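Chain by chain, the residues run as shown.
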Amino acid sequence: MSDPKVVDGKAEGRGLVLIGYRGTGKSTVGRLLARLTGRPFFEVDEEIVARAGKTIKAMFEEDGEPAFRDVEEGVVRDLTADHHDAVLGTGGGTILREANRRRLRSFGLVAWLTADVAELARRLEADAITRETRPSLTNKGAVEEIAEVLAYRTPFYEEIAHVAIDAQHAKPEEVARRILEHWRCS
């Protein structure tokens, strides 16, 4: 189990953002952090579904990814503007748009939760809800898809992360504790 890796400097805002590929535990850790700090927790994907009135998978199938990303950008804009001290759990691809990266980075500490491809595939396969509500992002098998998408997204995660934390070899409580070591909660 390694210590958190500080990627770059201190955060500007008072909030906390969790980024990383789906299956890294952003929702679980985000809820824990909110409970430990008494701050509200918002999950970007849940807010998108509420705003759109349909699942993310349905949005991708019916409207296409660009339309989904437009709604996502609006949700990120609104959450970061209206909830300055919240904990935000992002979707794995929220970091794809430069406007989102800029907003999230200035919102507060950005913690990147990491796990390797095989572990992510195992977690996602075990999660029936994810299989039903989230789209496949390529026409490849799970491991190949995760490896390809993660390789593309990693530079974006690296660009905005203040700290990277191994979420594979630690329980959610330990991941939350490590994040709190880096987060200015004042």
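Residues numbered from 1 in each chain as written. Predicted model: local features only at pLDDT ≥ 70, side-chain atom pairs only at ≥ 80, totals over all residues. Heavy atoms only, no water.

## Observations regarding the pairing of strand E6 (residues 163-166)
Then, number 1: Here E6 shows a buried face lined by Val-163 and Ile-165 and a second buried face lined by Ala-164 and Asp-166.
Then, number 2: Both strand E5 (residues 108-114) and E6 contribute to a ladder of four bridges, which runs parallel. By the bridge assignment, Leu-113 is partnered in E6 with Ile-165. (Buried < 20%, exposed > 50% of the residue type's maximum accessible area, 1.4 Å probe, protein only. Helix = DSSP H or I, 4+ residues; strand = E, 2+ residues; numbered from the N terminus. Pairing = 2+ DSSP bridges.)

## Observations regarding the nonpolar core
Then, number 1: Ranked by internal contacts, the top residues of the largest apolar core, which has 32 residues, are Val-17, Ile-19, Tyr-21, Leu-88 and Tyr-157.
Then, number 2: Of all elements in the fold, only strand E2 (15-19), helix H2 (44-52), helix H3 (56-63), helix H4 (65-82), helix H5 (98-107), E5, helix H6 (117-126) and helix H8 (142-160) reach the threshold of two or more residues within this core.
Then, number 3: Looking at which element gives the most residues to this core, the answer is H8, with six residues.
Then, number 4: Not counting the four nearest positions on each side in its chain, Ile-19 is found in contact with Lys-26, Thr-90, Ile-95, Val-110, Ala-111, Trp-112, Leu-113, Tyr-157, Ile-160 and Ala-161.
Then, number 5: Leu-16, Leu-32, Ala-170 and Val-175 belong to the second largest nonpolar core, which has 19 residues in total. (Core = buried A, V, L, I, M, F, W, Y, C linked by side-chain atoms within 4.5 Å. Contact = heavy atoms within 4.5 Å.)

## Considering helix H9 (residues 172-182)
In an α-helix, one full turn covers 3.6 residues, which means residues spaced three or four apart are oriented alike.
Then, number 1: Buried within H9 are the following residues: Val-175, Ala-176, Arg-178 and Ile-179. Taken down its axis, H9 places every buried residue within 160° of arc, on the same side.
Then, number 2: Taken together, the buried residues of H9 touch E2, helix H1 (26-37), E5 and E6. (Arc of directions from axis to C-beta.)

## Topic: the packing of H2 against H4
Between two packed helices, what matters for the description is the angle formed by their axes and the separation of those axes.
Then, number 1: Look at H2 against H4: their axes get within 9 Å of each other, and the N-to-C directions meet at 115°. In terms of orientation, H2 lies roughly perpendicular with respect to H4. When the axes of H2 and H4 are compared, the crossing they make is right-handed. Two secondary-structure elements touch here, H2 through Val-44, Asp-45, Glu-47, Ile-48 and Arg-51 and H4 through Phe-68, Val-71, Glu-72, Gly-74, Val-75, Val-76, Asp-78 and Leu-79.
Then, number 2: Residue composition of the contact of H2 with H4, grouped by class: seven nonpolar, one polar and five charged. (Axes fitted to C-alpha atoms, helices over the stretch in contact; angles between N-to-C directions. Parallel < 35°, antiparallel > 145°, perpendicular 65-115°, else oblique. Left-handed = near helix turned anticlockwise from the far one by under 90°. Nonpolar A, V, L, I, M, F, W, Y, C, P; charged D, E, K, R; others polar.)

## Section: the pattern of salt bridges
Then, number 1: Evaluation of the coordinates by the stated rule reveals 16 salt bridges.
Then, number 2: One salt bridge in this structure joins Arg-69 and Glu-72, with 2.9 Å as the shortest N-O distance. With a gap of three residues between them, Arg-69 and Glu-72 both fall in helix H4, about one helical turn apart. Here Arg-69 matches Glu-72 in class, with each residue buried.
Then, number 3: Three or more residues joined by partner-sharing salt bridges are found here, namely Glu-174, Arg-177, Arg-178 and Glu-181. (Salt bridge = Lys/Arg side-chain N within 4 Å of Asp/Glu carboxyl O.)

## Section: the confidence of the model for the protein
Then, number 1: Of the residues in the protein, 84% have a pLDDT of 70 or more, and the chain-wide mean is 87.
Then, number 2: Here strand E1 (residues 5-6) stands out as the element of the protein with the lowest mean pLDDT, 44, in contrast to strand E3 (residues 41-43), whose mean of 98 is the highest.
Then, number 3: For residues 1-7, every residue scores under 50 in pLDDT, and the model assigns this stretch 23 contacts once sequence neighbours within four places are set aside. (pLDDT = per-residue confidence, 0-100.)

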